[in-house]
Amino acid sequence: MLSVLLNLLAVAPRRNRAEPDPAGPSDEALMARFIEGDARAFETLLGRHKKPVYRFIFRYIGQKETADEVFQDSLLKLVRAAASYQRGARFSVWMYTIVRNTIYDRLRRERHRRQMRELDRPLDTDGTATLGDTIPGNSPDGEEEARKQELQERLAGAVQDLNPDQREVFIMRQHQGLAFKEIAEIMGCPVNTAKTRMRYALEALRRDLADFA
């Protein structure tokens, strides 16, 4: 179980699955085509980024219904803000800045940061599994599976309990695979500040999950 915990809290982020095929056009090239009127270019961009963007929103908010609404709002804002995109700028920075602002707007309107977990609330990133689905059966591995599920749930809760800046850096680095330079641009802070917030986030998570070691 300790190895599982260390893997979950590894500093090195997972590869961003939204990275385009090297043989295909870059995000920046597709965005330029979209601005020029090629609607299919935006469809390609959406296909590349919709899953990681939704995961980012869901992990930050922690509540599916609200995450779904924020996701839809984010897509609309991306389309409407297309004219503000500066050619040559890093598309991921521009995109996540808009998504981040959409999240903050929603949280300010509702004046809450998260809600209590419920049995029927999805736990995974695509909205299919529920907490009820994770109750182990009578198989020999049931106890170990229950332990893994407990760790997953505790980690998700611990991430939600981080202060907003630390939680945001952790999600963007660990789950979105963004570089610290990109994170700093999105958050409007120095790179060293982003790295410090990540370090504090990891320290807090290790403390909260110390009993699993």
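Our subject is the structure that appears above.
Predicted, not measured: the structure shown is a model, and the values here were computed from it. (Residues numbered from 1 in each chain as written. Predicted model: local features only at pLDDT ≥ 70, side-chain atom pairs only at ≥ 80, totals over all residues. Heavy atoms only, no water.)

Looking now at empty space enclosed by the protein. In total, this model carries one cavity of 30 Å³ or more according to the counting rule given. Taken as a whole, the largest cavity encloses approximately 80 Å³ of empty space. In terms of lining residues, the largest cavity is bounded by Phe42, Leu45, Leu46, His49, Lys50, Val53, Phe71, Leu75, Leu78, Phe91, Trp94 and Met95. For the lining of the largest cavity, the secondary-structure elements that each account for two or more residues are helix H3 (39-61), helix H4 (64-80) and helix H5 (91-110). Counting residues per element, the lining of the largest cavity draws most heavily on H3, which supplies six residues. In terms of residue class, the lining of the largest cavity is made up of ten nonpolar, one polar and one charged. (1 Å grid on protein atoms, 1.4 Å probe; cavity = no way out; pocket = protein on both sides within 12 Å on 5 of 7 lines; lining within 4 Å. Points joined across faces, edges and corners; volume = space filled by probe spheres on them. Helix = DSSP H or I, 4+ residues; strand = E, 2+ residues; numbered from the N terminus. Nonpolar A, V, L, I, M, F, W, Y, C, P; charged D, E, K, R; others polar.)

It is worth spelling out the pattern of salt bridges at this point. Inspection of the entire model under this criterion finds eleven salt bridges. A salt bridge links Asp27 to Arg48; the nearest nitrogen and oxygen atoms lie 2.8 Å apart. Taken together, the residues span a long stretch of sequence, with Asp27 in helix H2 (residues 27-35) and Arg48 in helix H3 at a distance of 21 residues. Among the residues examined, Arg48 registers a relative accessible area of 17% and is labelled buried. Arg100 is paired through a salt bridge with Glu168; the nearest N and O atoms lie 2.2 Å apart. Of this pair, Arg100 sits in helix H5 while Glu168 sits in helix H7 (residues 164-175), and the two are 68 residues apart along the sequence. Among the charged side chains, a network of salt bridges with common partners joins Lys77, Asp105 and Arg108. (Salt bridge = Lys/Arg side-chain N within 4 Å of Asp/Glu carboxyl O. Buried < 20%, exposed > 50% of the residue type's maximum accessible area, 1.4 Å probe, protein only.)

Looking now at the packing of H3 against H7. Interhelical geometry of H3 versus H7 gives an angle of 150 degrees and a closest axis separation of 10 Å. Considered as vectors, H3 and H7 are oriented roughly antiparallel to each other. Pair H3 / H7 crosses with right-handed handedness. Only Pro164, Arg167, Glu168, Ile171, Met172 and His175 of H7 make contact with H3, whose side of the interface consists of Phe56, Arg59 and Tyr60. For the contact of H3 with H7, the per-class residue count stands at five nonpolar, one polar and three charged. (Axes fitted to C-alpha atoms, helices over the stretch in contact; angles between N-to-C directions. Parallel < 35°, antiparallel > 145°, perpendicular 65-115°, else oblique. Left-handed = near helix turned anticlockwise from the far one by under 90°. Contact = heavy atoms within 4.5 Å.)

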